[in-house]
Each structure stands twice: as C-alpha cells, then as structure tokens.
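Here is how the chains run, residue by residue.
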Amino acid sequence: MGKIIAIANQKGGVGKTTTTVNLAASLGVLEQKVLLVDADPQANATSGLGIEVESVEKGTYQVLEHTVKAREAIVKTNSPNVDIIPAHIDLVAIEIELVDRDQREYMLKTALDEIKADYDYIIIDCAPSLGLITVNALTTSDSVIIPIQCEYYALEGLGKLLNTIKSIQKIHNPELEIEGLLLTMYDSRLRLSNQVVAEVKKHFHNMVFKTIIQRNIRLGEAPSFGESIISYDATSRGAVNYINLAHEIIKNNSNDGQSN
C-alpha cells in the first residue's frame, strides 16, 4: 500500500512545487513507483514535468468532481517510474463547486483510495493557500512535508498551518503525521540562512529533515525545459540534495515499517 505525502505551506515561493517535482523524480530514480498529483491551479508541477497544461482534459479538477476516475486521469511522464495526475487553470473553480457537496473534504481521498495500492508514494503538490483543495489533500494524506525557506519571515504563517493540520487531525484525518520540515533556498554564505536553520532546529528538533535544499541556479532553470533537476542536471547540487531527501524519506519509512 502506497504512502500519500502532501507538500504544503500557504506561503508562496517556499519551494513547494520544486520539492514536489524533484522529490518525485528522485524517488523514481531510486526505483520507487510514484504518482504526482498536481493540486495547484497554477499547474506548475504539470508543466515542470513536460506536460502541456493547455492540453489537459482529464486532471485533478475532474477527479475532485468525480466525473473521471483517478486512474483515467493518470499521464505517464518522461521521468522514470513517475506518473502524474495533471492540473489545469480550471481547478481554481473547484473551491466554489464543491462548497455545497456532502463530504466535500473527502473527494480526493475517495478518488485516490482506488489507486493507492498501485504506487509506493503518491506526492501531492498543494496550492499556496489553506482552502478546500488543500484540506482535501491533507485529509487524504498519510503525512505532510512543510517546506520552509531560509529567508526573513521564514516562520511567518507556520503556526497557522500547524493549527490547520491539528484541525484536520481532529476532524477528518487522525492518522495524518508531519513527515518533516524541509529547509529550502539555503545559502551557507548568508548569516540569515544560518540563523533560520538554527532557529527552526531549536524549535522543532527531530521534525526537521537532515537534508537541506541549497539555493541552486540549475533548480530554477529545469522547469523552463519541462524537466526535473534529475533529468536536467543530475550532477548539480540541487539534484544531489533531492536524491539525499528521497533516501532520507525511504529510510524513515522503512524504519517505521520495522517498528510497527
């Protein structure tokens, strides 16, 4: 049975989509079968894996509406062992369309339950908001990764996100865990970056991933070519960081399995 991991933070520009795409690609290279679910109307994860957004006819919008089965919306990508349920700008309308539906927080869970066993990991790229789509993602997920950029105001809004996670645990998904806090955009030359790392580790201890994603030009270039960093430049610092993160996640989850 696969593990579903949401990548969530209501702050924009923290590296959510970069992490979703490159973690999925890294897990795939490590021979894990991965499904990426693009749950962000901006559809950057879709285009970042080389899918033409305008051509998407069956995607997350239709899956959430339950007009299409999740399996029917899956598209193969050029990344080894990585499939995607793509997004389109029409996803922005789903918040309004679902608001009067019964069990509206469970629409994604119901859809993904049918295919969960087909994958080792299902990674959900959440929108930069705490709206209904993100609530659906957290309700269906086993765990959540929270990217935090190593910049000023890094912890701004984190309390609100943690409170949202607690609410989801209490009302919709008591099994939801925090997979880890992921420090992104780290620059060892900057005193501020080092201060943020120290501050986050001081407050959250073992909740913080050992792997830190360093600021890397190649990471920024890869999406414009519709490629993950693994395909674009496998020797770059960004690729090494995300491979290390994938190793850490696989190790943590195999340890969990042994302890159960």
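Small disclaimer: the values here were computed from a predicted structure and weren't measured.

About the criteria used
Residues numbered from 1 in each chain as written. Predicted model: local features only at pLDDT ≥ 70, side-chain atom pairs only at ≥ 80, totals over all residues. Heavy atoms only, no water. Pairing = 2+ DSSP bridges. Helix = DSSP H or I, 4+ residues; strand = E, 2+ residues; numbered from the N terminus. Contact = heavy atoms within 4.5 Å. Axes fitted to C-alpha atoms, helices over the stretch in contact; angles between N-to-C directions. Patch = residues over 30% accessible without salt bridge, like charges linked within 9 Å, V, L, I, M, F, W, Y side chains within 5 Å. Areas by Shrake-Rupley, 256 points an atom, 1.4 Å probe, with all protein chains shown as cover. Salt bridge = Lys/Arg side-chain N within 4 Å of Asp/Glu carboxyl O. Polar contact = N/O pair within 3.5 Å; in protein donor to acceptor, adjacent residues only side chain to side chain. Buried < 20%, exposed > 50% of the residue type's maximum accessible area, 1.4 Å probe, protein only. Expected span 1.5 Å × (residues − 1).

(A) Structural view of the sheet that holds strand β3 (residues 75–76). Here 7 strands make up an open sheet; going across it, the order is β3-β4-β2-β5-β1-β6-β7 and the pairing mixed. Strands at the two margins of the open sheet, each flanked by one partner only, are β3 and β7 (177–184). Sheet analysis places strand β1 (residues 3–7) next to strand β6 (residues 143–149), joined by 3 bridges and oriented parallel. Considered in β6, the bridge of alanine 6 is made with valine 144. The strands that helix α1 (residues 16–29) touches are β1, β2 (34–39), β4 (82–85), β5 (121–126), β6 and β7; relative to β5, the one it contacts most, it runs at about 165°.

(B) The arrangement of a nonpolar patch on the surface in detail. On the surface, Tyr152, Tyr153, Leu190 and Leu192 cluster together into a nonpolar patch covering about 440 Å² of accessible area. Along the chain, leucine 192 falls in helix α9 (residues 191–204).

(C) Representation of the side chain of threonine 211 in the model. Inspection of the secondary structure puts threonine 211 in the loop between α9 and α10 (217–221). A polar contact of 2.7 Å, which involves the side chain of threonine 211, links it to the side chain of glutamate 248. Contact partners of threonine 211, with chain neighbours within four places excluded, come to Leu182, Asn241, Asn244, Leu245 and Glu248.

(D) Expanded view of the pairing of β6. The element β6 is largely enclosed, with a buried count of 7 among its 7 residues. Side chains Ser143, Ile145, Pro147 and Gln149 project from β6 onto one buried face, and the interleaved Val144, Ile146 and Ile148 project onto a second face that is buried too. Inspection of the sheet shows β6 paired to β7 by 7 bridges, in the parallel sense. Bridging from a neighbouring strand, valine 144 pairs with isoleucine 178 of β7.

(E) Structural detail: the side chain of lysine 11. Relative to the helices and strands, lysine 11 resides in the loop between β1 and α1. Given a relative accessible area of 17%, lysine 11 falls into the buried group. Those residues in contact with lysine 11 that sit more than four places away from it in its chain are Lys16, Pro128, Gln149, Tyr153 and Glu156.

(F) Spotlight on α1. The terminal C-alpha atoms of α1 lie 20 Å apart, and with 14 residues this matches the ideal 20 Å at 1.5 Å per residue to within 8%. Across the 14 residues that make up α1, a large majority, 12, are buried. What α1 keeps buried is the set Lys16, Thr17, Thr19, Thr20, Val21, Asn22, Leu23, Ala24, Ala25, Ser26, Leu27 and Gly28. Directly after α1, the chain includes glutamate 31, whose backbone phi takes a positive value near 70°.

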